[in-house]
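Each chain is listed here by its residues.
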Amino acid sequence: MKIKYLIATLFILTAIASNTYAATAANEADMPVLHIQASRFVFTPSQISVKTGQTVLLEIEALDRQHGFSIPELGVRVDVIPGQKVVLKITPTKSGRLVFYCDIFCGSGHEQMAGEIVVES
Ligand SMILES: [Cu+2]
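A quick note: this is a predicted structure, and the numbers were derived from the prediction, not measured.

Caption draft 1: Representation of the overall build of the protein chain in the model. Across its full length, the protein chain holds 1 helix and 9 strands. Listing the helices and strands of the protein chain from first to last along the sequence gives α-β-β-β-β-β-β-β-β-β. The contacts of the protein chain with a sequence gap of at least 6 include a subset with a gap of at least 24, amounting to 62%.

Caption draft 2: The arrangement of the nonpolar core in detail. Judged by nonpolar contacts, the single largest core of 14 residues is most densely connected at Ala38, Ile60, Phe69, Val80, Phe100, Cys102 and Ile117. Counting residues per element, the ones that place at least two in this core are strand S4 (56-62), strand S5 (67-71) and strand S9 (114-120). The biggest single contributor to this core is S4, with 3 residues.

Caption draft 3: Here's a closer look at the sheet that holds strand S1 (residues 33-39). Pairing within the open sheet is mixed, and its 4 strands lie in the order S2-S1-S4-S7. What marks the edges here is a single partner per strand, and that holds for strand S2 (42-44) and strand S7 (86-90). Each strand axis lies, on average, 25 degrees off the axis of its neighbour in the sheet, ignoring direction. Pairing between S4 and S7: 5 bridges, direction antiparallel. Bridge pairing links Glu59 to Val87 in S7.

Caption draft 4: The arrangement of the environment of Gln84 in detail. Here Gln84 is to be found in the loop between strand S6 (76-80) and S7. It is 8.7 Å that separates the C-alpha atoms of Gln84 and Ile60, two residues lying 24 residues apart in sequence.

Caption draft 5: Quick peek at the pairing of S6. Pairing geometry for S5 and S6, over 5 bridges, is antiparallel. Each residue of the ladder has a partner; that of His67, found in S6, is Val80. A loop of 4 residues connects S5 with S6, the two strands running antiparallel in sequence, and Gly75 in this loop sits at a positive phi of about 70 degrees.

Conventions adopted
- Residues numbered from 1 in each chain as written.
- Predicted model: local features only at pLDDT ≥ 70, side-chain atom pairs only at ≥ 80, totals over all residues.
- Helix = DSSP H or I, 4+ residues; strand = E, 2+ residues; numbered from the N terminus.
- Contact = placed C-beta atoms within 7 Å.
- Core = buried A, V, L, I, M, F, W, Y, C linked by C-beta atoms within 7 Å.
- Buried ≥ 20, exposed ≤ 12 C-beta atoms within 10 Å, placed from the backbone.
- Pairing = 2+ DSSP bridges.
- Axes fitted to C-alpha atoms, helices over the stretch in contact; angles between N-to-C directions.

Shown next, in the form of structure tokens:
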């Protein structure tokens, strides 16, 4: 008798866990994905717009060599390696402009490799 309850409990817990997982996955699927390409010495696009409080996924890819992608005001950065798309999830909470830039030296012109995120209220 006890084993039946145990199995039933496990079954219910598994169902709850997989529902939670499905909800999380669906959430991510609903998030806007913004694609950014990095190449010497530009990000394309160099300006993107998001809404305050909205979570977006930045999908960044390098076309030529390794670059970095850094948004100092949000405290996030990633290495961007050719052939490996990297996804950065951000949720800007204040309206304004956030600068992003390459933080891995990629040649002469590296210093200009930057862009901005316009956070609209
Ligand atoms: Cu660079």
